[in-house]
Amino acid sequence: MGDPLKPMPWLVGRLEDSWLETRTARTIVLDVPGWPGHDAGQHVDVRLTAEDGYTAQRTYSVASAPEPDRLVLTVQLVGEGEVSPYLVETMRTGDELEVRGPIGGWFRWSEDLPEPVLLVAGGSGVVPLMAMLRQRERAGVETDFHLVYSARTPDHVFYTNELHALAQRSPGIRVDRLYSRGGLPDDARPPGRLRAADLPAVGATSVPPRVYVCGPSGFVETAAAILIEKGHDSGAIRTERFGPSS
Ligand SMILES: Cc1cc2nc3c(=O)[nH]c(=O)nc-3n(C[C@H](O)[C@H](O)[C@H](O)COP(=O)(O)OP(=O)(O)OC[C@H]3O[C@@H](n4cnc5c(N)ncnc54)[C@H](O)[C@@H]3O)c2cc1C
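Being a predicted model, the structure only gives us computed values, none of them experimental. (Residues numbered from 1 in each chain as written. Predicted model: local features only at pLDDT ≥ 70, side-chain atom pairs only at ≥ 80, totals over all residues. Heavy atoms only, no water.)

Caption draft 1: Examining the layout of surface pockets more closely. Of the pockets and cavities examined, the largest pocket occupies roughly 1400 Å³. In this structure, the largest pocket is lined by 41 residues; those nearest its centre are Gly122, Ser124, Gly215, Pro216 and Phe242. Elements represented by at least two residues in the lining of the largest pocket include exactly β4 (55–61), β5 (70–76), β8 (145–151), α4 (217–229) and β11 (237–241). In terms of residue class, the lining of the largest pocket is made up of 13 nonpolar, 21 polar and seven charged. (1 Å grid on protein atoms, 1.4 Å probe; cavity = no way out; pocket = protein on both sides within 12 Å on 5 of 7 lines; lining within 4 Å. Points joined across faces, edges and corners; volume = space filled by probe spheres on them. Helix = DSSP H or I, 4+ residues; strand = E, 2+ residues; numbered from the N terminus. Nonpolar A, V, L, I, M, F, W, Y, C, P; charged D, E, K, R; others polar.)

Caption draft 2: Examining the site of the ligand more closely. Taken together, 22 residues surround the ligand, and among them Arg58, Thr59, Tyr60, Gln76 and Ser84 come closest. Within the backbone of Gln76, one N or O atom sits 2.8 Å away from an oxygen atom of the ligand. Between the ligand and Ser84 there is a distance of 2.6 Å, counted from an oxygen atom to a side-chain nitrogen or oxygen. Starting from 900 Å² of accessible surface for the ligand in isolation, the protein chains cover 74%. (Near = heavy atom within 4 Å. Polar contact = N/O pair within 3.5 Å; in protein donor to acceptor, adjacent residues only side chain to side chain. Areas by Shrake-Rupley, 256 points an atom, 1.4 Å probe, with all protein chains shown as cover.)

Caption draft 3: The sheet that holds β5, seen in detail. Overall, antiparallel pairing links the six strands, which are arranged β4-β3-β6-β1-β2-β5 in an open sheet. Two strands close off the open sheet at either side, each with one partner strand: β4 and β5. Neighbouring strand axes in the sheet, compared pairwise and without regard to direction, differ in orientation by 35 degrees on average. Sheet topology note: the strand β2 (residues 25–31)/β5 ladder contains seven bridges and is antiparallel. From the neighbouring strand, Ile28 faces β5, where its bridge partner is Leu73. (Pairing = 2+ DSSP bridges. Axes fitted to C-alpha atoms, helices over the stretch in contact; angles between N-to-C directions.)

Caption draft 4: View of the pairing of strand β7 (residues 117–122). Of all six residues in β7, six are buried; the element is thus mostly enclosed. Burial along β7 is two-sided: Val117, Leu119 and Ala121 and Leu118, Val120 and Gly122, pointing in opposite directions, are all buried. As judged from the six bridges shared by β7 and β8, these two strands associate in the parallel manner. When the bridges of β8 are listed, Ala121 appears paired with Tyr149. For the crossover from β7 across helix α2 (residues 126–139) to β8, the handedness is right-handed. Of the strand pairs in this sheet, β7 and strand β10 (residues 210–215) are connected by five bridges, and their pairing is parallel. Looking at the pairing, Ala121 lines up with Cys214 of β10. (Buried < 20%, exposed > 50% of the residue type's maximum accessible area, 1.4 Å probe, protein only. Right-handed = clockwise from strand over helix to strand, strands pointing away.)

Caption draft 5: View of the pairing of β8. With seven of its seven residues buried, β8 lies for the most part within the structure. Of the two faces of β8, the one carrying Phe145, Leu147, Tyr149 and Ala151 and the one carrying His146, Val148 and Ser150 are both buried. Alignment of β8 against strand β9 (residues 173–179), held across seven bridges, turns out to be parallel. Its bridge partner being in β9, Val148 is matched across the sheet by Asp176. Following the backbone out of β8, through helix α3 (residues 160–169) and into the adjacent parallel β9, one traces a crossover that is right-handed.

In short, the description is geometric, and any link to function would need to be established separately.
Shown next as structure tokens:
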């Protein structure tokens, strides 16, 4: 996956396709000639350049399973943001941007890892975890995956149909959705932020799982603290924070 000592080149990505995941989040499919592929969980830098030469750069996780020359990202609109409004609302098919990557050595999953996997997502933190689920599916392995996905309301859930289909056809995949602001009328769990009862203890699987937690900083801190309280080894918990860019 490239020489770590060589600077990563910027590659041109052209918008090939896109669709809305929710009213404020869009999936974009980029054709990126020369893209070397990535591991599920990794991210990329995206750079936009204005006509006057001004550039803005942000980081986005890859939502797709690894493949050459193609990248799928899902971007949540951040009000007053510089880059996300362009990616969600303005960019049109055929428009170009630049990408650099893949980046990230720790927050990765591949099918040769045998342990069960616990995924904990807050909001758009589900994006790199979806790449892991997609990679599991593509590789045809039966590794147990349990996704605990916290979103504001059902209208804020990404990949609704695909997650439902994955859990239906694959007995090894379990998906639990939690809502922080408002749920469905027959939900047993009242809406609210992540709490201890939402996450499994370390003994829930025969072998302790590898754990991946991704979301806003506060969510990640809460989830990690609960998991450690519930017996998970801190070394088995991998975290990624989608904080504001500096
Ligand atoms: C490793 C990594 C992976 C990421 N992957 C994704 C991804 O897959 N999808 C995705 O939508 N985003 C992702 N992000 C967040 C993304 O990099 C940007 O921060 C986000 O899109 C906002 O950029 P912006 O230019 O629109 O806003 P900015 O112009 O950077 O910020 C505008 C205002 O919004 C606040 N703000 C910025 N970012 C956030 C945020 N994430 N949450 C709340 N408030 C914010 C800022 O403090 C500022 O007040 C990731 C971040 C990291 C570090």
